[in-house]
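Given next are the chains, with one letter for each unit.
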Amino acid sequence: ATCSKDECASMPCGTGQTCDDPSPTINSVKDYTCTCDNDLATKATGAKATCELDECAASPCSADQECTDPNIKYSAQLDYVCSCKSDPSIKKIGTSATCSKDECASMPCGVGQTCNDANPTINSVKDYTCTCDNDPATKATGAKATCELDECTSSPCGADQDCTDPDTKYSAHLDYECSCKADSSIKKIGTTATCTKDECDTMPCGTGQTCNDPVPTINSVKDYTCTCDNDSATKATGAKATCELDECASAPCGADQECADPNTKYSSQQDFECSCKVDSSIKKIGTSATCSKDECDPMPCGTGQTCNDPSPTINSVKDYTCICDNDPASKATGAKATCEIDECIGDPCGVDQLCTDPNTKYSSQQDFECSCKDDQSVKKIGTSATCSKDECDPMPCGTGQTCNDPSPTINSV
């Protein structure tokens, strides 16, 4: 076979070194020598020589960049790094990086100031100058200048508003705030706020009073006047007037009700309260309550008595009368009458039964008791009991005898 004789043919020493094979006609095992081009005394046999060389020594990166060689052991590796001085994150390996030259390009001074880069062709580190537009003598290098300017000086908000500039250090920020004098919660940033002009629009006086704003075109701070409708001499500026008026004076509740006005300071509040005289728990605010008129409904006298309310259209307190049906002379006002009657008088039980009325004070209670004469354990309340009629049943005579009841329809003893 045809074998490669010279071991240097494959360039095992790399760049920056010279390879020499002492026996090019014989393919020996790694007997070649690598000699450093910049240092002939430094060499190695069968491997690369250790040649010290910093690729940044030749300044390959330009003046506005930093050069770094991560590996100086071997020359001509082209692994040096060029990074911009103004921004180290901008970098390139083996060649110069492309850096922004003019530091003013990013507008570091902001509005209201002029930026100047003294060396726009070289990206130096913060050598730009910021100069105040309204004061050229005030400037700063590598940072914003401190330019004093209150944007409220030109009165951008108007006479009915307050102006506040939170940052007077830098001009033309349009961060001033306009807030309405009448209502500081209404505000706008960088322009005038929309304020309500007529302070009476929100009806600050309430009902029963007239509001007047003497300067409706300018939103002054509480210069409106409240005047009482029922007393034009009573008024107040910037607040409700104290108008004395008891809404109960016109008797809005009616004769059967009590009226109370909890607040007489302001008229026409409709907060008066109507409560029924007969039952104060029945009440209504701002209108008459619905009270029960006839005290005889719902039947306070009970049965056997007649109820009469002398004033059914007015709900008086217990002025009704209870009259006994069997004795009109017996009556009571505001309570049941005491009516004496024995319900057994009409003999409601029948001749074979005993009748007992446990309560003769009130008529028609239907509480009389009927009990059988021959067996009083058999009884009924309010009606006749069912008693056995024929005494021969159940066979009182026994066997061998015949029983005869002469009055089988009457249960005699």
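Keep in mind it's a predicted model, so treat the numbers as computed, not measured.

It is worth spelling out the side chain of Gln17 at this point. Structurally, Gln17 is set in strand β1 (residues 17-20). Using a relative accessible area of 10% as the deciding quantity, one classes Gln17 as buried. Looking at Gln17, its side chain comes within polar contact range of the main-chain nitrogen of Ala49, at 2.8 Å.

With that settled, the discussion passes to the sheet that holds strand β8 (residues 128-132). Spatial strand order, β7-β8-β9: three strands in an open sheet with antiparallel pairing. Where the open sheet ends on each side, the last strands, each with one partner, are β7 (113-117) and β9 (135-141). Strand-to-strand twist in this sheet, taken as the mean axis angle between neighbours without regard to direction, amounts to 25 degrees. As paired strands, β7 and β8 are joined by five bridges and run antiparallel to one another. Its bridge partner being in β8, Asp117 is matched across the sheet by Tyr128.

Trans peptide bonds make up the majority, and among non-glycine residues the majority have a negative phi. Backbone geometry at Met11 places phi at a positive 50 degrees, although glycine is not the residue there. Relative to the helices and strands, Met11 is located in the segment before β1. Exposure remark for Met11: the relative accessible area of 60% places this residue in the exposed category. With a phi close to 50 degrees, Ser155 is a non-glycine residue in the positive phi region. Looking at the element boundaries, Ser155 is found in the loop between β9 and β10 (161-164). Take Ser155: its relative accessible area is 58%, and that puts it in the exposed class.

Time to look at the state of the cysteines. What the rule picks out here adds up to 21 disulfides. Covalently, Cys296 is tied to Cys307 through a disulfide, its sulfur atoms 2.0 Å apart. Measuring handedness by torsion sign, the sulfur bridge of Cys296 and Cys307 sits at about -80 degrees and is left-handed. Placement of Cys296 in the loop between β18 (283-285) and β19 (305-308) and of Cys307 in strand β19 is noted, with a sequence separation of 11 residues between them. The exposure class of Cys296 is buried, given its relative accessible area of 15%. In this model Cys397 remains outside any disulfide bridge; the closest cysteine sulfur is found in Cys403, 3.8 Å from its own.

A regular strand places its side chains on the two faces of the sheet in alternate fashion. As defined by bridge partners, strand β14 (residues 225-228) adjoins strand β15 (residues 231-237) across four bridges and the pair is classed as antiparallel. Looking at β15, one finds that Thr225 is bridged to Thr237. In sequence, β14 turns back onto β15 through a hairpin of two residues.

What follows deals with the pattern of salt bridges. On inspection of all chains with the given rule, the structure shows three salt bridges. Two residues, Glu177 and Lys187, come together in a salt bridge whose shortest N-O distance is 3.9 Å. With a gap of 10 residues between them, Glu177 in strand β11 (residues 177-180) and Lys187 in strand β12 (residues 187-189) connect regions that are remote in the sequence. Judged by its relative accessible area of 45%, Lys187 falls in the partly exposed class.

Read across the open sheet, the three strands follow the order β10-β11-β12; overall the sheet is antiparallel. On the outer flanks of this sheet lie β10 and β12, each paired with one strand and no other. Taken pair by pair, the neighbouring strands of this sheet meet at an average axis angle of 20 degrees, ignoring direction. With four bridges connecting them, β10 and β11 associate as antiparallel partners. Considered in β11, the bridge of Thr164 is made with Glu177.

Moving on to a negative patch on the surface. A contiguous patch of negative charge, built from Asp374, Asp375, Asp390, Glu391 and Asp393, is present on the exposed surface. By the element assignment, Asp393 lies in the segment after β24 (379-381). Judged by relative accessible area, Asp393 falls into the exposed class, the value being 52%.

Attention shifts here to the confidence of the model for the protein chain. Averaged over every residue, the pLDDT of the protein chain is 82; residues scoring 70 or more account for 87%. When pLDDT is averaged over each helix and strand of the protein chain, the minimum, 88, is found for strand β3 (residues 39-45) and the maximum, 93, for β14.

The rules behind each value
- Residue numbers run consecutively from 1 along every chain, following the written order of its sequence.
- Totals for whole chains, interfaces and linings use every residue, but because this is a predicted model, local features are given only for residues with pLDDT of at least 70 and side-chain atom pairs only at 80 or more, for both listing and counting.
- Side-chain metrics rest on all non-hydrogen atoms present in the structure, leaving aside hydrogens and water.
- A run of H or I in DSSP counts as a helix once it spans at least four residues, and a run of E counts as a strand once it spans at least two, with each numbered from the N terminus.
- Exposure categories follow from relative accessible area, calculated using a 1.4 Å probe and restricted to protein chains: below 20% of the type maximum is buried, above 50% is exposed, and the middle band is partly exposed.
- Pairs of N or O atoms are called polar contacts if they sit within 3.5 Å, as long as, within protein, a hydrogen donor faces a hydrogen acceptor (for residues adjacent in sequence, only side-chain-to-side-chain pairs).
- We call two strands paired when DSSP finds no fewer than two bridges between them.
- Note on geometry: axes are C-alpha line fits, over the in-contact stretch for helices, and angles between N-to-C directions span 0 to 180 degrees.
- For this text, the term disulfide refers to a pair of cysteine sulfurs within 2.5 Å.
- Put simply, a salt bridge is a Lys or Arg side-chain nitrogen that is within 4 Å of an Asp or Glu carboxyl oxygen.
- Residues forming no salt bridge and having over 30% relative accessible area are the ones grouped into patches, like charges within 9 Å of each other and nonpolar side chains (Val, Leu, Ile, Met, Phe, Trp, Tyr) within 5 Å.
- For every accessible area listed, the method is Shrake-Rupley and the probe measures 1.4 Å; residues are considered covered only by the protein chains on display.
- For the purpose of charge, His is not counted, nor are the chain termini; Lys and Arg are scored as positive and Asp and Glu as negative.
- By convention, charge coordinates are those of NZ in Lys, CZ in Arg, CG in Asp, or CD in Glu.
- A residue's pLDDT is simply how confident the predictor is in it, with values from 0 to 100.

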